[in-house]
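If you want the building blocks of each chain, they are given just below.
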Amino acid sequence: MEMTVESYQVSFTASNPVLVVSVAFFVYLLTRIIYDLYFHPLSRIPGPASWSCSRLPFVWALLRGTIVHDIELLHKKYGPVLRIAPNEVTFASSEAWGDIHQPRPNHQPFLKDPLWWSSQPGHPNSIINAIDPKVHSRIRKALAPGFTPRALRSQEPFIQKYVNLLVERLKDQAPSDLSFEIDISPWFNYTTFDIFGDLGFGESFECLEKSTYHPWIALLFNSVKAAGFVVSARFYPWVEFILMKCIPPSLKKVQKDHYHQIVEKVDRRLNWELDRPDLMSHVILRRAEETGLPHGEICATFMVLTTAGSETTATTLCGAVNYLTAHPEKLAILSMEISSTFYNMEQITLAALQDLPYLNAVIQEALRLCPAIPWVLPRRVPTGGDTVCGFWLPGGTPVSIQAWTLNRDPSYFHDPTSFEPERWLPEAYSKKGSPFYCDQRQAIEPFSTGPRSCMGKHIAWAEMRLILAKLLFTFDLEAVAGKEFKWEELRTFLLVEKRPIYVRLKPRAV
Ligand code: HEM
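Residues numbered from 1 in each chain as written. Predicted model: local features only at pLDDT ≥ 70, side-chain atom pairs only at ≥ 80, totals over all residues. Heavy atoms only, no water.

- Under an unreviewed UniProt entry, the name given to the protein is Cytochrome P450, and the organism recorded is Karstenula rhodostoma CBS 690.94.
- According to UniProt, the comment filed for the protein under the heading Subcellular location (unreviewed entry) is "Membrane". (UniProt positions renumbered as here; feature names shortened; annotations may be inferred.)

## Some details on the UniProt feature "binding site: heme" (unreviewed entry) in the protein
Next up, step 1: Per the UniProt record, "binding site: heme" (unreviewed entry) is found at Cys454.
Next up, step 2: Along the chain, Cys454 falls in the loop between helix H23 (426-430) and helix H24 (457-474).
Next up, step 3: Taking relative accessible area as the criterion, Cys454 reaches 36% and is therefore assigned partly exposed. (Helix = DSSP H or I, 4+ residues; strand = E, 2+ residues; numbered from the N terminus. Buried < 20%, exposed > 50% of the residue type's maximum accessible area, 1.4 Å probe, protein only.)

## Description of the packing of helix H18 (residues 311-326) against helix H19 (residues 328-341)
Next up, step 1: Contact geometry for H18 and H19: axes closest at 5 Å, N-to-C directions at 110 degrees. One way to sum up the angle between H18 and H19 is to call them roughly perpendicular. Contacts between H18 and H19 involve Leu324, Thr325 and Ala326 from the former and Pro328, Lys330, Leu331 and Leu334 from the latter. (Axes fitted to C-alpha atoms, helices over the stretch in contact; angles between N-to-C directions. Parallel < 35°, antiparallel > 145°, perpendicular 65-115°, else oblique. Contact = heavy atoms within 4.5 Å.)

## Description of the pattern of salt bridges
Next up, step 1: Going through the model one piece at a time under the given rule, you end up with 31 salt bridges.
Next up, step 2: Put simply, Arg423 and Glu365 hold a salt bridge, and the shortest N to O gap is 3.1 Å. Here Glu365 lies in helix H21 (residues 357-369) and Arg423 lies in the loop between helix H22 (403-407) and H23, a separation of 58 residues in the sequence. Exposure class is identical for Arg423 and Glu365. Each is buried.
Next up, step 3: Sharing partners across several salt bridges, the network here consists of Lys161, Asp198, Arg269, Arg276 and Asp278. (Salt bridge = Lys/Arg side-chain N within 4 Å of Asp/Glu carboxyl O.)

## Re a nonpolar patch on the surface
Next up, step 1: Taken together, the side chains of Leu19, Val23, Phe26, Val27, Leu30, Ile34, Tyr35, Tyr38 and Phe39 present a nonpolar region at the surface, about 910 Å² in accessible area.
Next up, step 2: Its location among the elements puts Leu19 in helix H2 (residues 17-39). (Patch = residues over 30% accessible without salt bridge, like charges linked within 9 Å, V, L, I, M, F, W, Y side chains within 5 Å. Areas by Shrake-Rupley, 256 points an atom, 1.4 Å probe, with all protein chains shown as cover.)

## So, the sheet that holds strand S2 (residues 88-91)
Next up, step 1: Spatially, the 5 strands line up as an open sheet ordered S1-S2-S8-S5-S3, and their pairing is mixed. The outermost strands of the open sheet, each flanked by one partner alone, are strand S1 (81-85) and strand S3 (111-112).
Next up, step 2: Relative to strand S5 (residues 376-380), S3 runs antiparallel, the two being bridged by 2 bridges. What sits directly across from Leu111, in S5, is Arg380. (Pairing = 2+ DSSP bridges.)

## Structural notes on the pairing of S5
Next up, step 1: Buried residues dominate S5, accounting for 4 of its 5 residues.
Next up, step 2: Alignment of S5 against strand S8 (residues 398-401), held across 3 bridges, turns out to be antiparallel. Pairing of Arg380 across the sheet is with Pro398, part of S8.

## Re the domain arrangement of the protein
Next up, step 1: By domain assignment, the protein separates into domain 1 (5-39) and domain 2 (56-507).
Next up, step 2: One C-alpha centre belongs to domain 1, the other to domain 2, and the line joining them spans 49 Å. (Domains from an automatic or database assignment.)

## A word on the site of the ligand
Next up, step 1: For the ligand, the set of nearby residues contains 27 residues, the closest of which are His136, Arg140, Arg379, Arg452 and Cys454.
Next up, step 2: Side-chain polar atom of Arg379 to an oxygen atom of the ligand: 2.7 Å apart, as the coordinates give it.
Next up, step 3: Only helix H8 (133-143), helix H17 (295-308), H18 and S5 provide two or more residues apiece to the shell around the ligand.
Next up, step 4: The greatest single-element share of the shell around the ligand, amounting to 3 residues, is contributed by H18.
Next up, step 5: Residues belonging to the shell around the ligand are distributed by class as follows: 15 nonpolar, 8 polar and 4 charged. (Near = heavy atom within 4 Å. Polar contact = N/O pair within 3.5 Å; in protein donor to acceptor, adjacent residues only side chain to side chain. Nonpolar A, V, L, I, M, F, W, Y, C, P; charged D, E, K, R; others polar.)

## With respect to the nonpolar core
Next up, step 1: Ranked by size, the top nonpolar core spans 140 residues in total, and within it Phe58, Phe91, Trp116, Phe302 and Trp487 carry the most contacts.
Next up, step 2: Beyond its immediate chain neighbours, meaning those up to four positions away, Phe91 contacts His75, Pro80, Val81, Ala96, Ile100, Val388, Cys389, Leu393, Val399, Ser400, Ile401 and Gln402. (Core = buried A, V, L, I, M, F, W, Y, C linked by side-chain atoms within 4.5 Å.)

## Concerning helix H9 (residues 149-173)
Next up, step 1: Under the 1.5 Å per step criterion, the end-to-end length of H9 is 35 Å for 25 residues, consistent within 8% with the ideal 36 Å.
Next up, step 2: Residue Gln155 marks the point of greatest curvature in H9, where the axis turns by about 50 degrees; the proline Pro157 follows within four residues. (Expected span 1.5 Å × (residues − 1). Bend = angle between axes of the 7 residues up to and from the residue.)

Dropping the structure here:
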């Protein structure tokens, strides 16, 4: 039987539509891969072929929690400028802080990437996810008076109260004056969430009081991994569409209730007659003004601040204690500094702690090695394109900074993976013989920089100094043999993973 070319084509298309679609898809995919690898405007940027031609390796690393470590390995291989997706570039270079986060004369600002930050339709803006610079600066101005060093002086009694309570509650855990073993990690969270509760809403979360997480916080931690899925889905709008349709009404209700609990706290605080120097008081004062924040923005802002202002500080404290107990010789220097400076707890004030060299050096080193935000989330290159670290990038390209990699880069720091508070002591800056003399300490920006840098930096420093000082004034600390872990083992699910940090506490003879 004879078969013409025409008849063959007809039967091919008519009888095998699946095959036709598959071939078309394969050709599309191949063309796309060739374009991304060789003709895309980012094809000159170094990076592995698999990440440069597909978003999948990135999403996979994000979901497994290994993104920070995977990208660190890639930076080691490809250098400080790295293509991590067909359209995205990331940097482990100090120059990138200035280029991406600081205003540059005659340059448009790099705004937050809406894929990561934008609020859901119909939801109000908050300080963290407002993308429009005008909206953001209005919110920031309304909050700013509550975050100054002067405001902190009047907020000190709130912070002292919860740090004292932490010490008392830890003493209560001791069966006697003998040493006892405890997972210290949740205690840092209890303290920082309670402080924020009081400073933000005028009522603590009562975590220290009850020695457990408030259900609001427990739910927050439980939903962090789910948030990774939601963000990953945004890279594929059809997946996002299906995922959103699959969320059961019961889960939506849980989400709504979570937000509503914050609204209730905000409302209780707004209705107080009492004038107290907390973070909300300045917001209330300005409410009647034209630039005052609407109710929705106050609720959304204090909702995200509860996490931003508590979890970050607790993570850094966990890192500091984990490294200190792994290095008893450094812990001994810090304990000695504290016990030789203070004779009773009342003397331990923020002013007195401000200039303790070793305490400050330990916190700086913890901020370097255990960044609470190990990967500063993407900004978008402005329309028309711009340069970052000398590389021209098209408008709309998402760009981010890998603080984790940068902070451990041997070209910036001597012995970069080692815990060395000494690199932050005055001698390291001034003595040429110091091994840390050439360290590029200005490369570390744990609180970011520019108009969107952390507003709570002073509060965070105050909490970290006070908690470490009072803890070490009251107890001798040591690691529990066989239960130690290295900070590098922790994964990142938007927030740094929580692991028990077992320490042995022994009340000091004062
Ligand atoms: C060790 C503790 C902390 C660290 C490492 C830290 C770090 C950061 C970083 C890196 C950002 C910028 C994120 C970005 O732009 O993508 C940020 C933003 C922010 N942080 Fe913190 N933070 C800490 C504690 C706090 C505390 C205690 C508060 C409040 C009580 C706070 C309030 C804020 C606010 C309001 C912003 C948003 C600023 C804006 O967008 O204008 N932070 N923080």
